[in-house]
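Reading the structure
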Amino acid sequence: MNTITLKDIAGNFGCAATDFSERFISFYNSVDMTYESIDGAEYDNLLLEMLKKIESDSQVIGAPERTGVWLAGWQENLDDFRSLKTREALVPRFIRPNKVIRYKKSFIKPSNPYFERDFARLVQIYMYDNFIKGEEVSNVYEFGCGSSFNLMSLYDLTQEDDLQVTFYGSDFVPSSANLVNELATHFDAPLHGSVFNMIEPDYSYEIQDNSCVFTFGTIEQLDSKFKNYVNFLLHKKPQICFHIEPTVENYTEDTLFDYLQIKFHTQRGYTQGLVPYLEELANDKKIEIVKKQRLNFGSQYMEGYHLIAWRPL
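This text gives an overview of the structure that appears in the document. (Residues numbered from 1 in each chain as written. Predicted model: local features only at pLDDT ≥ 70, side-chain atom pairs only at ≥ 80, totals over all residues. Heavy atoms only, no water.)

Further remarks concern the sheet that holds strand 3 (residues 101-103). Overall, antiparallel pairing links the 5 strands, which are arranged 1-2-4-3-11 in an open sheet. Since the sheet does not close on itself, it has two edges, and those belong to strand 1 (2-3) and strand 11 (297-299), each with one partner. Where strand 1 lies against strand 2 (residues 34-37), 2 bridges are found, and the strand directions are antiparallel. Looking at strand 2, one finds that Asn2 is bridged to Tyr35. Helix 5 (residues 115-133) rests against strand 3, strand 4 (106-110) and strand 11 of the sheet, and its axis sits at about 145° to strand 11. (Pairing = 2+ DSSP bridges. Helix = DSSP H or I, 4+ residues; strand = E, 2+ residues; numbered from the N terminus. Contact = heavy atoms within 4.5 Å. Axes fitted to C-alpha atoms, helices over the stretch in contact; angles between N-to-C directions.)

Take a look at the structure:
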């Protein structure tokens, strides 16, 4: 049995273990980080399963029918919250237990059935420490907020620290916005939900001063039509922006491990070009890139967790 150490996690985030907050370390210590490697015949069978899946997969990101899928998906979380009134009701359905995980360019089987959810929690704490608390912002905007899984986690962190921060969640389907507003009512929390189309941004949408803007697995769904949204942010000038998104440009075609996720990413039509576009803007002195990191973590078919943080100039 192997264990992912705090030093290993620091390698994921491109920092030293001493850079992590006490809260981050405490949560890390509360989670089972043991795993089994996948190798030999099991590894071969896994690759065969993946190749067959990629060959037969017909899902197309950005297709018109996907709107109905997301509307129904976030409605399920809304219905669950109405029934259960718990944070667990907000966990997106695509974060599934007992799944093979991509970790540091290998496939592993974690002992913890909810390892992806808990690693995502570490990502949330890191983002909070560095880009919300660390930037001393007063307003946080998530575009493509989905089930409010991230918004509520970040809100809870501000409550632990007694920080006065207002949260704004938007999505392109009303079931997501409705869930944000029901959470606000139930928890008497400073949360505001609205419908927003990132492909055709509404410039009347106000971003307050002293703000952080982020996306988490959202730009991936825009079928590479993200430039209008980035230009909208350039116009609105939030204090800091960050994105946790799959980034195909971080892979290499020289390894089977990466080649398979390149195939999966491109075949489905997940967004490409975000990081190169931000690098182009940085070269033109329009933005400053604060951090860029492949977290080397993801689900079986691709790594959905890459970080790029930047600020308009």
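Moving on, we get to helix 3 (residues 40-56). Residue pairs three or four apart in sequence face the same way in an α-helix, which turns once every 3.6 residues. Over its 17 residues, helix 3 runs 25 Å from end to end, which matches the ideal 24 Å to within 8%, given 1.5 Å per residue. Those residues of helix 3 that are buried are in contact with strand 3, strand 4 and helix 9 (256-268). (Expected span 1.5 Å × (residues − 1).)

Phi angles above zero are rare outside glycine, and Lys85 is one such case at about 55°. Among the secondary structure elements, Lys85 is positioned in the loop between helix 4 (65-84) and strand 3.

On to the pattern of salt bridges. Applying the stated rule across the entire model yields 18 salt bridges. With a shortest N-O distance of 2.7 Å, Arg23 and Asp161 are connected by a salt bridge. Within this pair, whereas Arg23 is found in helix 2 (residues 22-30), its partner Asp161 is found in the loop between helix 6 (149-160) and strand 6 (166-171), the two being separated by 138 residues in sequence. Judged by relative accessible area, Asp161 falls into the partly exposed class, the value being 24%. Here Arg294 makes a salt bridge to Glu303, at a shortest N to O gap of 2.8 Å. Taking the relative accessible area as the measure of exposure, Arg294 reaches 11% and is therefore buried. (Salt bridge = Lys/Arg side-chain N within 4 Å of Asp/Glu carboxyl O. Buried < 20%, exposed > 50% of the residue type's maximum accessible area, 1.4 Å probe, protein only.)

Within this structure, the stated rule accounts for 30 aromatic pairs. Centre to centre, the rings of Phe13 and Phe20 are 6.0 Å apart; their planes meet at 85°, and the pair counts as edge-to-face. In terms of burial, Phe13 and Phe20 fall into one category: buried. Relative to Phe24, the ring of Phe13 has its centre 5.8 Å away and its plane inclined at 85°; by these criteria the two rings are edge-to-face. Of this pair, Phe13 sits in helix 1 (residues 6-13) while Phe24 sits in helix 2, and the two are 11 residues apart along the sequence. Overall, the relative accessible area of 1% leaves Phe24 in the buried class. Cluster of aromatic residues (ring-pair linked, three or more members): Phe13, Phe20, Phe24, Phe115, Phe119, Tyr126, Phe216, Phe297 and Tyr305. Directly above the aromatic system of Phe27 lies the positively charged group of Arg121, at a separation of 5.9 Å from the ring centroid. (Phe/Tyr/Trp six-rings, centres within 6.5 Å; stacked < 30°, edge-to-face > 60°. Lys NZ or Arg CZ within 6 Å of the ring centre and 35° of its normal.)

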